[in-house]
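# Structure assessment
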Amino acid sequence: MSLKCSVNFLTRMDEARQPLSRKVPIPSSRINPYRMIIVIRLVVLGFFFHYRVMHPVNDAFALWLISVICEIWFAMSWILDQFPKWLPIERETYLDRLSLRFDKEGRPSQLAPVDFFVSTVDPSKEPPLVTANTVLSILAVDYPVEKVSCYVSDDGAAMLTFEALSETSEFAKKWVPFCKKFNIEPRAPEWYFQQKIDYLKDKVAASFVRDRRAMKREYEEFKVRINALVAKAQKVPEEGWTMQDGSPWPGNNVRDHPGMIQVFLGQSGGHDVEGNELPRLVYVSREKRPGYNHHKKAGAMNALVRVSAVLSNAPYLLNLDCDHYINNSKAIKEAMCFMMDPLVGKKVCYVQFPQRFDGIDRHDRYANRNVVFFDINMKGLDGIQGPIYVGTGCVFRRQALYGYDAPKTKKPPSRTCNCWPKWCLSCFCCRNKSKKKTTKPKTEKKKRLFFKKAENPSPAYALGEIEEGVPGADVEKAGIVNHQKLEKKFGQSSVFVASTLLENGGTLKDASPASLLKEAIHVISCGYEDKTDWGKEIGWIYGSITEDILTGFKMHCHGWRSIYCIPKRPAFKGSAPLNLSDRLHQVLRWALGSVEIFFSKHCPLWYGYGGGLKFLERFSYINSIVYPWTSIPLLAYCTLPAICLLTGKFITPELTNAASIWFMALFICIFITGILEMRWSGVAIDDWWRNEQFWVIGGVSSHLFAVFQGLLKVLAGIDTSFTVTSKGGDDEEFSELYTFKWTTLLIPPTTLLLLNFIGVVAGISNAINNGYESWGPLFGKLFFAFWVIVHLYPFLKGLVGRQNRTPTIVIVWSILLASIFSLLWVRIDPFLAKSDGPLLEECGLDCN
Ligand SMILES: O=c1ccn([C@@H]2O[C@H](COP(=O)(O)OP(=O)(O)O[C@H]3O[C@H](CO)[C@@H](O)[C@H](O)[C@H]3O)[C@@H](O)[C@H]2O)c(=O)[nH]1
Ligand SMILES: [Mn+2]
């Protein structure tokens, strides 16, 4: 028996030493044909352009020139998009090995602490119930309780959010033990109770049905309480809000209020109904004063980084939008399989999970799911330097946010030196020289020193000693200098500065909660970031409303790698704007963010050469910055078919047989690339097609406006605003999909649609007039026009709405624009040789 035991023990030891994750390359039978067709497409493209450039259309030179310019642009943007997909990978994690190594039963868990960030700003658009669900899913996460802290940032300084959070903390006392006892998923009650599956499947506890029923009632009561709070908040009393204790709510003036922090739950804040400890929950509303730039979400995140450093200082952070709840309670463990891996982990700045969504209409009309991006592009990036950061559902290494370079990979021992101690020594020296110290022996030394001097008012002094390697009596002085340097970078909080030096997290044990809270208020004051590196080199980076791209980009430039993790059960789920106008506005905001980056010093076209950014990774960042500009050629290209049909001209001369081969070949290549891409990625054809459609819809509306707004910002200094997307509550299914809101964004696509319709009608009636032989050339043009109409089809559906009634204003505008254009073309006829008569004059449906 003892033998068996020890064998068992040995295999388990062995198991614990195994890597925690594995790269799963795409099978070569799937990826190689794909690569081959890419190369072929590139060659065909060469021949295609050779033909296009060498064969101008003499009687419609302008048409030809514009179309060729557009095609060249499209080809370039294809290259930018295509090559980062050369080496896609997938990954597999081993949660059991993680537990064996760090989380053995009966022993204190060695898993690293994690701070959770939730951002919310406007309770009228982001219902408190949604935020509450997110918070509940965090508090109930499958992770050691004492290692979880949840920070909620309220940028709207709303008493409603505060009170809802207070209610949530009470409800959590019942909800969390229920989740853990029965191991339910997801742990956001709204979504849990909404599941339409057999909830008794694989449940064995006899008490489950009873407890579930009781819990459901509790949740309904909780919901009613939240709804009551929301109802109460509809009408602001004249003297502003008053808190329960009678004092005025400090956030009554949203733009001018002090910083607010309230700690719920946690060690001293009450236990759950079964007497177990609960994670800490902290409400944070950073100080706002007029005259300060608050940097929207990025600013809120940076405030949370500092508050959490002072209060819990976990070495890892997870950030979530208020509507993105944890759908897989093991998600954090998944991330730890990378972060805590001794081999892979050290160079990883973040683990990004794909964004998945609830409540999207079955056909996903506006490509909200973004499947092509999340299941194709991001997997491709993971094979290079890692996925880009998408703003939510991402676990960060705290140190990577502090603007350090990634640790250098250990050099293999030099061949000439074969004596172990010497190698060891040289290696150590080498590490000493490197700026950042992450290697094991170092860390331990640091830690030891830190603990020795923990009573010292400023532990950084001790650390300064190692940092600079100054011996003996100068230690103190050098330490002070170093500390000053760090304060210049991180701001004037010695507690915060000290915390940044603790690579493995942890806080000063001897500091009193009151003094820590005071420090926490200090670090969220609005002047705190003045003259520091916040938002420039550290934390979330400022300068764009898509702070996510910038933040991830900076880290990759520092040589870090990121990891893309797709657990079978989606890790997080959020909501997406369902109706056309909201969706277009969201896409407008993203595109505008990209244009902002394009004009900033962080433009990936010229920023960060010679750093750690890999070549193909840069490609992808360039792609994500320049894509709004594609809207201009796209708009032109979508107008072309209408013009062709109205004028009777075309963008190519009459095709010879040889030439048509290149056209056909190119089409076939494009088609096959699509098919093969779907094959290796598992993306379904309708998702892929939606993506193509929305690329055109967004392109000719949101992206176009983004370019102009971006230019306005650069030229006239008009600042951009962050309009948060409304997160629907729990109203009628998909009613949102059909709501119609007027926005100027609708004008260009509607006009395009009308133009092309008019073109088709004009073309066909003309062919009817002119007899049989004119049908041949018409075919190409009609095909071209249909291409545009088919792409814009979901848009048309959105316009028409459920009642099949398009708002008059859209029609009026578009008819106006379309008729102006068509009249112009007929009158001026820039592309028409003089000999041809105007077309429209003889056309009309009564002519046959
Ligand atoms: O001043 C602000 C503005 C916004 N937010 C928060 O930012 C998040 C994202 O806003 P949302 O309107 O939901 O934008 P989406 O377009 O849905 O978000 C995607 O795109 C954003 C970049 O534009 C990223 O920041 C998000 O993480 C990402 O999910 C929400 O939690 C907001 O509460 C703030 O905290 N403060
Ligand atoms: Mn959102």
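Values in this document were obtained by computation on a predicted structure and should not be read as measured data. (Residues numbered from 1 in each chain as written. Chains lettered and ligands numbered in written order. Predicted model: local features only at pLDDT ≥ 70, side-chain atom pairs only at ≥ 80, totals over all residues. Heavy atoms only, no water.)

### Looking at the UniProt feature "binding site: Mn(2+)" (unreviewed entry) in the protein chain
Inclusion rule: UniProt positions are given in the numbering used here, feature names are shortened, and annotations may be inferred rather than shown by experiment. Here a helix means four or more residues in a row that DSSP labels H or I, a strand means two or more in a row labelled E, and each is numbered from the N terminus. Any residue under 20% of the maximum accessible area for its type is buried, any over 50% is exposed, and the rest in between are partly exposed; the area is computed with a 1.4 Å probe on protein chains only.
Residues annotated by UniProt as "binding site: Mn(2+)" (unreviewed entry) correspond here to Lys-297 and Asp-321. Across 25 residues of sequence, these annotated residues stay compact in space, with a maximum C-alpha separation of 9.7 Å. Within the element layout of this structure, Lys-297 appears in helix α9 (residues 296-311). Classification of Lys-297 by relative accessible area gives buried; the value is 14%. Along the chain, the position of Asp-321 falls in strand β7 (residues 316-321).

### Here we look at the site of ligand 1
Stated formally: Residues are classed as near a molecule or strand on a simple rule: at least one heavy atom within 4 Å of it. Here a polar contact is recorded for every N or O atom pair within 3.5 Å, except that within protein the pair must consist of a potential hydrogen donor and a potential acceptor, and residues adjacent in sequence are included only if both atoms are side-chain atoms. Lys, Arg, Asp and Glu make up the charged group, whereas Ala, Val, Leu, Ile, Met, Phe, Trp, Tyr, Cys and Pro make up the nonpolar group; the residues left over, Gly among them, are polar.
Around ligand 1, a shell composed of 24 residues is seen, among which Lys-297, Asp-321, Glu-547, Thr-725 and Lys-727 lie nearest. Within the contact set of ligand 1, an oxygen atom lies 3.4 Å away from a backbone nitrogen or oxygen of Val-121. Mapped by element, the contributors of at least two residues to the shell around ligand 1 are β3 (114-120), α9, α19 (547-557) and α20 (580-598). The dominant element in the shell around ligand 1, judged by the number of residues it contributes, is α20, at three residues. Each residue belonging to the shell around ligand 1 can be placed in one class, and the counts come to seven nonpolar, eight polar and nine charged.

### Quick look at the environment of Thr-392
The line we're drawing: In what follows, a contact means two residues having at least one pair of non-hydrogen atoms within 4.5 Å.
With respect to the helices and strands, the residue Thr-392 is situated in the loop between α11 (371-382) and β11 (394-397). For the pair Thr-392 and Pro-354, spaced 38 residues apart in the sequence, the C-alpha separation amounts to 9.0 Å. If sequence neighbours within four positions are ignored, Thr-392 has contacts with Asn-319, Leu-320, Asp-321, His-324, Gln-352 and Gln-355. At a separation of 3.1 Å, a polar atom in the side chain of Thr-392 contacts the main-chain amide nitrogen of Asp-321.

### Description of the sheet that holds strand β12 (residues 561-564)
Note the following rule: Note on pairing: two strands pair once DSSP finds at least 2 bridges between them. Angles here are taken between N-to-C directions and fall from 0 to 180 degrees, while the axes themselves are lines fitted to C-alpha atoms, restricted in helices to the stretch in contact.
Sheet architecture is open: eight strands sit in the order β5-β6-β4-β3-β7-β11-β9-β12, paired in mixed fashion. Each edge of the sheet is formed by a strand with only one pairing partner; in this case those strands are β5 (260-265) and β12. Strand-to-strand twist across the sheet, computed as the mean angle between neighbouring axes with direction ignored, equals 20°. Here five bridges tie strand β4 (residues 148-154) to strand β6 (residues 280-285), and the two strands are oriented parallel to one another. Its bridge partner being in β6, Ser-149 is matched across the sheet by Arg-280. Against the sheet, helix α6 (residues 159-182) engages β3, β4, β5 and β6, with an angle of about 15° to β5. Of the strands in this sheet, β3, β7, β9 (348-352), β11 and β12 are in contact with helix α10 (residues 331-339), which crosses β9 at around 150°.

### A closer look at the packing of helix α26 (residues 747-770) against helix α27 (residues 775-791)
Note the threshold: Put simply, angles under 35 degrees are roughly parallel, angles over 145 are roughly antiparallel, angles from 65 to 115 are roughly perpendicular, and the rest are oblique. Rotating anticlockwise by less than a right angle from the far helix to the near helix defines a left-handed crossing, while the corresponding clockwise rotation defines a right-handed one.
Their axes nearest at 10 Å, the elements α26 and α27 cross at an angle of 165°. Taken together, the axes of α26 and α27 lie roughly antiparallel to each other. As α26 packs across α27, the resulting crossing turns out to be left-handed. Contacts between α26 and α27 pair Leu-753, Asn-756, Phe-757, Val-760, Gly-763, Ile-764, Ala-767 and Ile-768 from the former with Trp-775, Leu-778, Leu-782, Ala-785, Val-788 and Ile-789 from the latter. Considered class by class, the residues forming the contact of α26 with α27 number twelve nonpolar, two polar and no charged.

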